[in-house]
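# Observations on the three-dimensional arrangement
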Amino acid sequence: TVAMQQQRVREMEEALTAAQDALERERERAVVSELAKTETEKTDEREHAQTLLELDRLRKQLREETEEMERNKSEADGYRHMLVKITGDLNYANDDIEKERERAG
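Presented here is a report on the structure given in the accompanying data block.

## Considerations on the environment of Arg 25
One can find Arg 25 in helix H1 (residues 2–104). Looking at Arg 25, the relative accessible area reads 43%, which means it is partly exposed. Separated by 49 residues in sequence, Arg 25 and Ser 74 place their C-alpha atoms 73 Å apart.

What follows is the structure, given as structure tokens:
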């Protein structure tokens, strides 16, 4: 009976060691899983930051192109105004020439 009790104690110790080993392996898997999750989160954060930088770059480009378009529009309006004035001056000069021809003719 003492031998049986000793055998039972050894079996229980072996079962305890096996359970402790399994628990340690599970802890290691949990740590690896958490590290992988953390790395994925870091990758997501980097991608998000890159997207934000790209959006900022595109906003700046749009702002610059809008400003350039406004400058071009303003310049075109100036030329248009100048052409209208020149056309008016030419029409006035042509009218004067026509009147002179009528008087001379």
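## Let's talk about the environment of Leu 83
Looking at the element boundaries, Leu 83 is found in helix H1. According to the relative accessible area criterion, Leu 83 is exposed, its value standing at 55%.

## Comments concerning the pattern of salt bridges
Side chains bearing opposite charge may pair, as long as their charged atoms lie close to each other. Counted under the stated rule, the structure contains 10 salt bridges. Its salt-bridge partner being Arg 59, residue Asp 56 comes within 3.2 Å of it at the nearest N-O pair. Within this pair, Asp 56 and its partner Arg 59 are both found in helix H1, separated by 3 residues, close to a single helical turn. For Asp 56, a relative accessible area of 44% puts it in the partly exposed group. Across the salt bridge formed by Arg 80 and Asp 77, the nearest N and O atoms sit 2.5 Å from each other. Remark: Asp 77 and Arg 80 occur in helix H1; sequence separation between them is 3 residues, near one turn of the helix. It is possible to trace a salt-bridge network through shared partners that takes in Lys 73, Asp 77 and Arg 80.

About the thresholds
Residues numbered from 1 in each chain as written. Predicted model: local features only at pLDDT ≥ 70, side-chain atom pairs only at ≥ 80, totals over all residues. Heavy atoms only, no water. Helix = DSSP H or I, 4+ residues; strand = E, 2+ residues; numbered from the N terminus. Buried < 20%, exposed > 50% of the residue type's maximum accessible area, 1.4 Å probe, protein only. Salt bridge = Lys/Arg side-chain N within 4 Å of Asp/Glu carboxyl O.

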